[in-house]
Amino acid sequence: MAAPEMELSVFCIATWNVNSVRQRIGLLCEWLRTRAPDVVCLQEIKCVDEAFPTAEIEALGYNVAVHGQKTFNGVAILSKRPFDEVQRGLPGGDGDEQARYIEAVISHAAGAIRVASIYLPNGNPLGTEKFPYKLAWMERLRRHAAGLLAYEEPLVLAGDYNVIPEARDARNPEQWLGDALFQPESRAALRALANLGLTDAIRATSDDPGLYTFWDYQAGAWQRDNGIRIDHLLLSPQAADRLIAAGIDRDERAREKPSDHVPVWVQLNLEAR
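Small disclaimer: the values here were computed from a predicted structure and weren't measured.

> I tried to follow the overall build of the chain on my own but got confused; where do I start?
What the chain contains, in helices and strands, is six helices and twelve strands. With the C-alpha coordinates aligned to their principal axes, the bounding extent of the chain is approximately 65 × 40 × 40 Å. Within the chain, buried positions represent 53% of all 273 residues. Summing over all exposed atoms, the chain offers an accessible surface of approximately 12,200 Å²; the carbon and sulfur share of this is 49%. The positive charge centre, built from 29 side chains, and the negative charge centre, built from 38, are 3 Å apart in the chain.

> Just checking my understanding: could you explain the confidence of the model for the chain for this structure?
Close reading of the predicted structure is inappropriate where its pLDDT is low. Per-residue pLDDT for the chain averages 95, and the proportion of residues at 70 or more is 96%. Confidence drops under a pLDDT of 50 for residues 1–6, and excluding neighbours within four residues, the segment shows two contacts in the predicted structure.

> I tried to follow the nonpolar core on my own but got confused; where do I start?
The nonpolar side chains of a soluble globular protein tend to be buried with one another. The biggest cluster of nonpolar side chains holds 32 residues, and the ones touching the most others in it are Ile13, Ile113, Val156, Leu233, Val266 and Leu268. If sequence neighbours within four positions are ignored, Ile13 has contacts with Val39, Ile113, Val115, Val156, Leu233, Val264, Trp265, Val266 and Leu268. Counting residues in hydrophobic clusters, the runner-up holds 21 residues, among them Leu28, Leu42, Cys47 and Ala76.

> Which parts of the structure should I look at to understand the pattern of salt bridges?
Pairing between side chains of opposite charge can happen when their charged atoms approach one another. As enumerated under the stated definition, the model contains 17 salt bridges in all. The closest approach of N and O atoms between Arg114 and Glu153, which form a salt bridge, is 2.5 Å. One end of the pair, Arg114, is in strand E7 (residues 111–119); the other, Glu153, is in the loop between helix H3 (130–149) and strand E8 (155–160), with 39 residues separating them in the sequence. For the pair shown, Arg114 and Glu153 are each scored as buried. Taken together, the salt bridges that share partners define one network made up of Asp169, Asp200, Arg203 and Arg229.

> Explanation requested: the packing of aromatic side chains in the structure shown.
Given two aromatic rings, one states the distance between the centres and the angle between the planes to describe the pair. As enumerated under the stated definition, the model contains three aromatic pairs in all. A ring pair is formed by Trp16 and Trp31, whose centres lie 5.2 Å apart and whose planes are at 70 degrees; its orientation type is edge-to-face. With Trp16 in strand E1 (residues 10–17) and Trp31 in helix H1 (residues 25–35), the pair connects residues that are 15 residues apart, well separated along the chain. Consider the rings of Tyr212 and Trp215, whose centres lie 6.5 Å apart with planes at 80 degrees: the pair is edge-to-face. Owing to a relative accessible area of 6%, Tyr212 belongs among the buried residues under this scheme. Among the aromatic residues, those joined into a ring-pair cluster are Tyr212, Trp215 and Trp222.

> Sorry, what's going on with H3 here?
Each α-helix winds once per 3.6 residues, and so residues spaced three or four apart point in a common direction. For H3, with 20 residues, the first-to-last C-alpha span of 28 Å sits near the 28 Å given by 1.5 Å per residue. Within H3 the residues assigned to the buried category are Phe131, Lys134, Trp137, Met138, Arg140, Leu141, His144, Ala145, Leu148 and Leu149. In the core, the buried residues of H3 are packed alongside strand E5 (83–88), strand E6 (101–108), E7, E8, helix H4 (184–194) and helix H6 (237–240).

> Hey, could you run me through the packing of H3 against H4 in this one?
If you want to describe how two helices pack, look at the angle between their axes and the distance between the axes. In the contact formed by H3 and H4, the axes pass within 9 Å of each other and the chain directions differ by 5 degrees. Between H3 and H4, the angle is such that the two are roughly parallel. Listed contacts from H4 to Phe131, Lys134, Leu135, Met138, Leu141, Arg142 and Ala145 of H3 are Glu185, Ser186, Ala189, Leu190, Ala192 and Leu193. Of the residues assigned to the contact of H3 with H4, the class counts are nine nonpolar, one polar and three charged.

> Even after reading the chapter, I still don't get the sheet that holds E7, so can you show me in this structure?
Strand order in this open sheet of six strands is E5-E6-E7-E8-E10-E9, and the pairing throughout is mixed. Either end of the sheet is taken by a strand with one partner, and the two such strands are E5 and strand E9 (199–200). With eight bridges joining them, E6 and E7 adopt antiparallel strand pairing. Within E7, the residue paired with Ile102 across the bridge is Ser117. Contacts from H3 reach E5, E6, E7 and E8, with the element oriented near 20 degrees to E6.

> Can you help me understand the environment of Ala59 in this one?
Considering the arrangement of structural elements, one finds Ala59 in the loop between helix H2 (54–58) and strand E3 (63–67). A residue is classified by how much of its surface remains accessible, and Ala59, at 67% relative accessible area, is exposed. Residues Ala59 and Ala36, spaced 23 residues apart in sequence, show a C-alpha to C-alpha distance of 13 Å.

Thresholds, definitions, all that
Residues numbered from 1 in each chain as written. Predicted model: local features only at pLDDT ≥ 70, side-chain atom pairs only at ≥ 80, totals over all residues. Heavy atoms only, no water. Helix = DSSP H or I, 4+ residues; strand = E, 2+ residues; numbered from the N terminus. Buried < 20%, exposed > 50% of the residue type's maximum accessible area, 1.4 Å probe, protein only. Areas by Shrake-Rupley, 256 points an atom, 1.4 Å probe, with all protein chains shown as cover. Lys, Arg positive; Asp, Glu negative; His and termini not counted. Charge placed at Lys NZ, Arg CZ, Asp CG, Glu CD. pLDDT = per-residue confidence, 0-100. Contact = heavy atoms within 4.5 Å. Core = buried A, V, L, I, M, F, W, Y, C linked by side-chain atoms within 4.5 Å. Salt bridge = Lys/Arg side-chain N within 4 Å of Asp/Glu carboxyl O. Phe/Tyr/Trp six-rings, centres within 6.5 Å; stacked < 30°, edge-to-face > 60°. Expected span 1.5 Å × (residues − 1). Axes fitted to C-alpha atoms, helices over the stretch in contact; angles between N-to-C directions. Parallel < 35°, antiparallel > 145°, perpendicular 65-115°, else oblique. Nonpolar A, V, L, I, M, F, W, Y, C, P; charged D, E, K, R; others polar. Pairing = 2+ DSSP bridges.

Below, the structure written as structure tokens:
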């Protein structure tokens, strides 16, 4: 007699650079009701902790952890389950006050998962201190990720990485040759991070062209589908082994007054093993 199939315990984790959470709160809440992810990593919330629309999010059944900054940057994690631990800020950056990293451990029926929301520096314009800062930040992230991987637990590093991994991740890669997002150094730093043993969820599930997550507001980029893929979910081996599906909610870019980014999500089977 064949053994009965084990029911999947599907756990959805999403990332979205909302480009001002207070301006997009209506779109965010509608998407939360529709997609209903278990965990959401937000970037570029552009507000201090006290100004985050916590009440609206909590009304939808989410716990909220925020690492905000006035006017710029800012990250948050929303979770249907309580947080076991929360760490605000990326280690190794003494004196770095930019709010670009928040990490949380969240328990579920079969154990726990660690999730980080990342807003990696843009790095433009080249030739200024912003590009070395980007690369140094990426090295800090690589070192921290190496330490997290030693725990051998399900880990998802999700966010706006501001790096185009390959030419196929841009509709017109030649337009980005002079941009920090597509410099050889930026791409090499992302590869160094992935080479620790992390899996790009989107590319693990599809080799299709046109998998973009960002369309600039300028020059009709959305209307011409002139996009790039810079929002990524990187999975530890323990998370990648549980990968069911991944996708991009690109229709959010067609909404009225949208963010220039769209949500990216992954589904994991967190059944006990």
